[in-house]
Structure formats: structure tokens, C-alpha cells
Amino acid sequence: MASRRRLELEYLNLALTFGLSLAVYLWLAFKAGSYLDGRFGTQPLLTFLGVLIAIGFSFYTLIIQLEKLSRKEKDWQKKGNGDEP
């Protein structure tokens, strides 16, 4: 039971980490894109491109982390419900 709870907390941690990292990546991409747009006169092209890249990168890292947690959960189920994941 404790290991199931631990796995649930790992998924919660992943969700919180994803949300926070998405917010930080978007903020950084917006600031960098705005600066570069002002510098090169390409309003809003680089800002938009930076935001799209930030969203793509965030979801890419989310998928990688979900695959790792899924493998961990499958290993946990193979060993039996009493073992730690």
C-alpha cells in the first residue's frame, strides 16, 4: 500500500513539475522573443516562435518523464504490490 501511495505522489510531483517548468519556459521564451523582436524589428515573429518552442520542449520532457514512470509502474506490478517501485 505504501508503495502505491509513493507512485501516486510521483505522478503528482510530475504534474506539478510540468506546470512550473512550462510557466518558466514560457516566461523565458516570451522575454527573449520580445527582446529579439525589438532588436531585429520582427514583431511578434520571434516571440511566437519562442513560445511554440517552449511549449514543444515542455511536452517533450513530459512524455519522457511519463515513459519513465510508466516503466517504473510496470516493474512494480511485475514484482508484486508489496514491493517498492
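You'll find the structure just up there.
Residues numbered from 1 in each chain as written. Predicted model: local features only at pLDDT ≥ 70, side-chain atom pairs only at ≥ 80, totals over all residues. Heavy atoms only, no water.

Engineer: Would you mind going over the pattern of salt bridges with me for this structure?
Structural biologist: Taken as a whole, this structure holds three salt bridges when the rule is applied. The salt bridge partner of Arg6 is Glu10, with a shortest N-O separation of 3.6 Å. You can see Arg6 and its partner Glu10 sitting in helix H1 (residues 2-40), four residues apart, about one turn around the helix. The exposure class assigned to Arg6 is partly exposed, which follows from its relative accessible area of 41%. By relative accessible area, Glu10 is classed as buried at 18%. A salt bridge links Glu10 to Lys72, with the shortest nitrogen-to-oxygen separation between them at 3.0 Å. Of this pair, Glu10 sits in helix H1 while Lys72 sits in helix H2 (residues 45-79), and the two are 62 residues apart along the sequence. Taken together, the salt bridges that share partners define one network made up of Arg6, Glu10 and Lys72. (Salt bridge = Lys/Arg side-chain N within 4 Å of Asp/Glu carboxyl O. Helix = DSSP H or I, 4+ residues; strand = E, 2+ residues; numbered from the N terminus. Buried < 20%, exposed > 50% of the residue type's maximum accessible area, 1.4 Å probe, protein only.)

Engineer: Help me out: how do you make sense of the side chain of Ser58 in this one?
Structural biologist: Looking at the secondary structure, you find Ser58 in helix H2. Classification of Ser58 by relative accessible area gives buried; the value is 0%. If we ignore the near neighbours within four places in the chain, the residues touching Ser58 are Phe18, Ser21, Leu22 and Tyr25. (Contact = heavy atoms within 4.5 Å.)

Engineer: Is there a simple way to think about a nonpolar patch on the surface in this case?
Structural biologist: Together, Leu20, Val24, Trp27 and Leu28 make up a nonpolar patch on the protein surface, roughly 420 Å² of accessible area in all. Position of Trp27 among the secondary structure elements: in helix H1. Assessed through its relative accessible area of 52%, Trp27 is described here as exposed. (Patch = residues over 30% accessible without salt bridge, like charges linked within 9 Å, V, L, I, M, F, W, Y side chains within 5 Å. Areas by Shrake-Rupley, 256 points an atom, 1.4 Å probe, with all protein chains shown as cover.)

Engineer: What am I meant to see in the environment of Thr61 here?
Structural biologist: Among the secondary structure elements, Thr61 is positioned in helix H2. Exposure remark for Thr61: the relative accessible area of 25% places this residue in the partly exposed category.

Engineer: Even after reading the chapter, I still don't get the environment of Phe30, so can you show me in this structure?
Structural biologist: Relative to the assigned elements, Phe30 resides in helix H1. Excluding residues within four positions of it along the chain, Phe30 makes contact with Thr47 and Val51.

Engineer: Honestly, the nonpolar core in this entry has me stumped. Any pointers?
Structural biologist: In summary, soluble globular proteins display a tendency toward joint burial of nonpolar side chains. Grouped together as the largest cluster of nonpolar side chains are five residues: Leu14, Phe18, Leu22, Leu62 and Leu69. Elements represented by at least two residues in this core include exactly H1 and H2. The element best represented in this core is H1, accounting for three residues. Setting aside chain neighbours within four positions, we find Phe18 in contact with Ser58, Phe59 and Leu62. (Core = buried A, V, L, I, M, F, W, Y, C linked by side-chain atoms within 4.5 Å.)

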